[in-house]
Amino acid sequence: MADQLTAHDVRGIAEYVRIGLTDEEVAAMTRDLNAIIESLSPITEYDLEGVEPTFHPIGSLSNVMRDDAEVPGFTQAEALANAPRQQDGSFLIPSILGEGGDR
């Protein structure tokens, strides 16, 4: 299979994904990643000549989302119907910036 990962490789990966690792964590991660790679080595024994790649396990599954459709939204009165407080057609909420009062 592939060459073993080194601590330098693991530090590069950690830097790429912006994870800070101590020296002990780098050593542990190096061992763990090499064990994972080694566990995948039996895959290299399969003869895959002529096997087409599968991009999705369900074959030709395509977009299963519904089509976008414009639907009527709430009116201003409906949107404000359950508001605990409102003023001039807007929600009135407590200030969170410490300035006091409502906004």
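Residues numbered from 1 in each chain as written. Predicted model: local features only at pLDDT ≥ 70, side-chain atom pairs only at ≥ 80, totals over all residues. Heavy atoms only, no water.

Under an unreviewed UniProt entry, the protein chain has the name Aspartyl/glutamyl-tRNA(Asn/Gln) amidotransferase subunit C and belongs to Muribaculaceae bacterium Z82. Checking UniProt for the protein chain, the heading Sequence similarities (unreviewed entry) contains the comment "Belongs to the GatC family." In its Subunit (unreviewed entry) section, the UniProt entry covering the protein chain states "Heterotrimer of A, B and C subunits." (UniProt positions renumbered as here; feature names shortened; annotations may be inferred.)

Undergrad: Please provide a residue-by-residue account of the pattern of salt bridges, values included.
TA: In the structure shown here, the tally under the stated rule is 1 salt bridge. With a shortest N-O distance of 2.7 Å, Arg 11 and Asp 23 are connected by a salt bridge. Taken as a pair, Arg 11 in helix α1 (residues 7–16) and Asp 23 in helix α2 (residues 23–39) lie far apart in primary sequence, 12 residues in all. (Salt bridge = Lys/Arg side-chain N within 4 Å of Asp/Glu carboxyl O. Helix = DSSP H or I, 4+ residues; strand = E, 2+ residues; numbered from the N terminus.)

Undergrad: Can you tell me about the side chain of Ser 41, naming the residues and giving the values?
TA: Mapped onto the fold, Ser 41 is located in the loop between α2 and α3 (76–80). Classification of Ser 41 as buried rests on a relative accessible area of 19%. (Buried < 20%, exposed > 50% of the residue type's maximum accessible area, 1.4 Å probe, protein only.)

Undergrad: Outline unusual backbone geometry, supporting the account with residue identities and numerical values.
TA: Phi at Arg 18 is positive, roughly 60°, even though this residue is not glycine. Summarising the element assignment, Arg 18 is placed in the loop between α1 and α2. Among the residues examined, Arg 18 registers a relative accessible area of 78% and is labelled exposed.

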